[in-house]
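Here are the chains, one letter per residue:
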Amino acid sequence: DDFRSYYSIGFRPSGSADGKARGIEVRAKNPAYRVRSRQSYVLRSAKDEMADRVAANVYQEEARGDLIVRADTDLPTPDGRHKMKVPAKVYVQGRNVALIPKGGSLEGELTVFVCAGTSEAGASKVLRHTQRLTVPAADEPRFRTSHLTFTFEVIIDRKGEKIVSAGAMDTISGSYGMARAAVQGDGVQPVKVSTDF
């Protein structure tokens, strides 16, 4: 019955997005009614929510967003018995990155996220890197047509289809971009080459 008959109540909490659990209580005016509701909530930051979207992008491709993001992977190498290390590059084009004039330059900030996962073993930890940007005003046209490159290494299980998911979030505008890339190879050690003839 709970799935067929319920109330949906929402509110916007005050305070900072510190990731701490806060208690919540829902009461009915009529004390004869019994209310079942969640007992707590967590106020999460935009970066934490973006990290969740990047992890979900491993399984279901997300909308690409306003930022132009591309992900590439290199050949993986073994990392223990059942894992492998995947070199990943995330490219963020400067075209839609928000920059604010300050003195003779432009400033901005990007946070880049990356994780990897398989259909069988789940997603890895989401890695993130925040980069402050300072672009000389005279170089803005070149910045807008080029891209920033971020390099990561993610650990992934060898089983199942392997995907690297990446995202970037513009701290100033709140805009984002998403990308995915398939991992090629299975992390097998290279064959040792002998120099004996």
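The text that follows walks through the structure, step by step, so that each part is easy to find. Every value quoted in this text rests on a predicted model; they were computed, and no experiment measured them. (Residues numbered from 1 in each chain as written. Predicted model: local features only at pLDDT ≥ 70, side-chain atom pairs only at ≥ 80, totals over all residues. Heavy atoms only, no water.)

## Remarks on the overall build of the protein chain
Argument step 1. Summing up its helical and strand segments, the protein chain has two helices and twelve strands in all.
Argument step 2. The C-alpha radius of gyration of the protein chain comes to 22 Å, more than 25% above the 16 Å expected for a compact globule of 197 residues.
Argument step 3. When the backbone C-alpha atoms are referred to their principal axes, the protein chain occupies close to 90 × 55 × 25 Å.
Argument step 4. In the protein chain, which comprises 197 residues, the share counted as buried stands at 32%.
Argument step 5. When contacts within the protein chain are restricted to residue pairs at least 6 apart in sequence, long-range pairs at least 24 apart make up 68% of them. (Helix = DSSP H or I, 4+ residues; strand = E, 2+ residues; numbered from the N terminus. Rg over C-alpha atoms; globule rule 2.2 N^0.38 Å. Buried < 20%, exposed > 50% of the residue type's maximum accessible area, 1.4 Å probe, protein only. Contact = heavy atoms within 4.5 Å.)

## Thoughts on the nonpolar core
If you look at soluble globular proteins, the nonpolar side chains tend to sit buried side by side.
Argument step 1. By size, the foremost hydrophobic cluster in this structure holds 28 residues, and its most contacted members are V90, V92, V114 and V164.
Argument step 2. Among the elements of the structure, β3 (69-73), β5 (83-93), β7 (105-118), β9 (127-136), β10 (147-157), β11 (162-170) and β12 (176-182) are those that each provide at least two residues to this core.
Argument step 3. Dropping the residues within four chain positions of it, V92 is found in contact with I68, V69, L110, V112, S146, H147, L148, F150 and A168.
Argument step 4. One finds M50, A51, V54 and Y176 within the second-largest nonpolar core, a separate group that totals twelve residues. (Core = buried A, V, L, I, M, F, W, Y, C linked by side-chain atoms within 4.5 Å.)

## A closer look at empty space enclosed by the protein
Argument step 1. This structure, assessed with the given rule, holds one cavity of 30 Å³ or more.
Argument step 2. Considered as a void within the structure, the largest cavity measures approximately 30 Å³ in volume.
Argument step 3. Residue composition of the lining of the largest cavity, grouped by class: two nonpolar, one polar and four charged. (1 Å grid on protein atoms, 1.4 Å probe; cavity = no way out; pocket = protein on both sides within 12 Å on 5 of 7 lines; lining within 4 Å. Points joined across faces, edges and corners; volume = space filled by probe spheres on them. Nonpolar A, V, L, I, M, F, W, Y, C, P; charged D, E, K, R; others polar.)

## Digging into a nonpolar patch on the surface
Argument step 1. Residues Y7, I9, V26 and V35 make up a contiguous nonpolar surface patch of about 460 Å² in total accessible area.
Argument step 2. Here Y7 lies in the segment before β1 (21-23). (Patch = residues over 30% accessible without salt bridge, like charges linked within 9 Å, V, L, I, M, F, W, Y side chains within 5 Å. Areas by Shrake-Rupley, 256 points an atom, 1.4 Å probe, with all protein chains shown as cover. Salt bridge = Lys/Arg side-chain N within 4 Å of Asp/Glu carboxyl O.)

## Examining helix α1 (residues 46-56)
Argument step 1. Taken residue by residue, α1 has M50, A51, V54 and A55 as its buried positions. Viewed along the axis of α1, the buried residues span an arc of 145°, placing them on a single side of the element.
Argument step 2. Contact partners of the buried residues in α1: β7, β9, β11 and β12. (Arc of directions from axis to C-beta.)

## Observations concerning the packing of aromatic side chains
Argument step 1. By the definition in use, this model includes zero aromatic pairs.
Argument step 2. One Lys or Arg, R53, reaches over the ring of Y176 and ends 4.2 Å from the middle of that ring. (Phe/Tyr/Trp six-rings, centres within 6.5 Å; stacked < 30°, edge-to-face > 60°. Lys NZ or Arg CZ within 6 Å of the ring centre and 35° of its normal.)

## Some details on the pattern of salt bridges
As a working rule, side chains carrying opposite charge can pair if their charged atoms are close by.
Argument step 1. Tallying each qualifying case throughout the model produces eight salt bridges.
Argument step 2. A salt bridge links K83 to D157; its shortest N-O distance comes to 3.9 Å. Of the two residues, K83 is situated in strand β5 and D157 in strand β10; the sequence distance between them amounts to 74 residues.
Argument step 3. Take K83: its relative accessible area is 37%, and that puts it in the partly exposed class.
Argument step 4. Between R142 and D139 there is a salt bridge, with its nearest N and O atoms 3.8 Å apart.

## So, the side chain of N57
Argument step 1. Assignment of secondary structure puts N57 in the loop between α1 and β3.
Argument step 2. A distance of 3.0 Å separates the side chain of N57 from the side chain of S165, its partner in a polar contact.
Argument step 3. Excluding its chain neighbours within four sequence positions, the residues that come into contact with N57 are E62, S165, A166, M178, A179 and R180. (Polar contact = N/O pair within 3.5 Å; in protein donor to acceptor, adjacent residues only side chain to side chain.)

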